[in-house]
Amino acid sequence: MKLITAIIKPFKLDEVREALSAVGVRGITVTDVKGFGRQKGHADLYRGAEYEVDFLPKLKLEAAVDEALLDRAIEVIRTAARTGKIGDGKIVVFDLHQVIRIRTGETGKGAL
């Protein structure tokens, strides 16, 4: 079992969610985050004063998947989240040693 963590642009969430559902990913967790990377932020105006926005809004998407589904899930996230411009995000994959469904007590693949 693997945990996929993806940082994506907020407006790409619906496309990514639909693409993951289509390949059989049953659930995802989404968190609002802010990040700083190569995109470097931008300048904004507020009440006539210019200021720098260093941390840009992003979404952190997490999905626990079976290893058999891993490559396909990564590919659909990469395809659906891509705009071709700087700041599209990152995908990171972690090993999951154990998963437990709280309601039923199921463990392993059955808990996904």
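Anything mentioned here points back to the structure above.
Residues numbered from 1 in each chain as written. Predicted model: local features only at pLDDT ≥ 70, side-chain atom pairs only at ≥ 80, totals over all residues. Heavy atoms only, no water.

Undergrad: Just to check I follow, could you spell out the side chain of Lys 12 for this structure?
TA: Its location among the elements puts Lys 12 in the loop between strand E1 (2–8) and helix H1 (13–23). Taking the relative accessible area as the measure of exposure, Lys 12 reaches 9% and is therefore buried. Setting aside residues up to four positions removed in sequence, Lys 12 forms contacts with Ala 80, Ala 81, Arg 82 and Thr 83. (Helix = DSSP H or I, 4+ residues; strand = E, 2+ residues; numbered from the N terminus. Buried < 20%, exposed > 50% of the residue type's maximum accessible area, 1.4 Å probe, protein only. Contact = heavy atoms within 4.5 Å.)

Undergrad: Looking at this structure, how should I read helix H2 (residues 67–81)?
TA: Given 3.6 residues per turn, any residue in an α-helix points the same way as the ones three and four places further on. Across its 15 residues, H2 extends 21 Å between first and last C-alpha, which sits within 8% of the 21 Å expected from 1.5 Å per residue. Those residues of H2 that fall on the buried side of the exposure criterion are Leu 70, Ala 73, Val 76, Ile 77, Ala 80 and Ala 81. Buried residues along H2 sit in contact with E1, H1, strand E5 (56–65) and strand E6 (90–95). (Expected span 1.5 Å × (residues − 1).)

Undergrad: Got a minute to help me understand the nonpolar core in this structure?
TA: As a rule of thumb, nonpolar side chains are buried together in soluble globular proteins. In terms of nonpolar packing, the biggest core is built from 17 residues, with Ile 8, Val 16, Leu 20, Leu 61 and Ile 77 touching the most fellow members. Looking at this core, the elements with two or more residues in it are E1, H1, E5 and H2. Here this core takes six residues from H2, the largest share from any one element. Once you skip the residues sitting within four places of it in the chain, Ile 8 turns out to touch Leu 13, Val 16, Lys 58, Leu 59, Leu 61, Ala 81 and Asp 88. (Core = buried A, V, L, I, M, F, W, Y, C linked by side-chain atoms within 4.5 Å.)

Undergrad: Sorry, what's going on with the pairing of E5 here?
TA: Within a regular strand, side chains alternate between the sheet's two faces. Pairing of E1 with E5, which is carried by seven bridges, proceeds in the antiparallel orientation. Residue Leu 3 lies in a different strand from E5, and its bridge partner there is Ala 64. Inspection of the sheet shows strand E2 (residues 29–35) paired to E5 by seven bridges, in the antiparallel sense. Looking at the pairing, Val 33 lines up with Lys 58 of E5. (Pairing = 2+ DSSP bridges.)

Undergrad: I would appreciate a short explanation of the pattern of salt bridges in the present structure.
TA: Side chains that differ in sign of charge can pair as their charged atoms come close. Scanning the entire structure with this criterion turns up nine salt bridges. The partner of Glu 18 in a salt bridge is Arg 17, and the shortest N-O contact between them spans 3.9 Å. Between Glu 75 and Arg 78 there is a salt bridge whose closest N-O contact spans 3.0 Å. With a gap of three residues between them, Glu 75 and Arg 78 both fall in helix H2, about one helical turn apart. Residue classification places Arg 78 among the partly exposed residues on the basis of a relative accessible area of 44%. Overlapping salt bridges, with partners in common, bring together Asp 14, Arg 17 and Glu 18 in one network. (Salt bridge = Lys/Arg side-chain N within 4 Å of Asp/Glu carboxyl O.)

Undergrad: I'm lost on the sheet that holds E5 in this one. Help?
TA: The strands making up a sheet associate through hydrogen bonds between their backbones, and the pairing can be parallel or antiparallel. Pairing is antiparallel across the open sheet formed by four strands, whose spatial order is E2-E5-E1-E6. The open sheet terminates on both sides in strands that have one partner only, identified here as E2 and E6. Adjacent strand axes in the sheet meet at a mean angle of 25 degrees when their direction is disregarded. Lying on the sheet, H1 is in contact with E1, E2 and E5; it crosses E5 at an angle near 10 degrees. (Axes fitted to C-alpha atoms, helices over the stretch in contact; angles between N-to-C directions.)

Remember that the coordinates give geometry; whether it matters functionally is a separate question.
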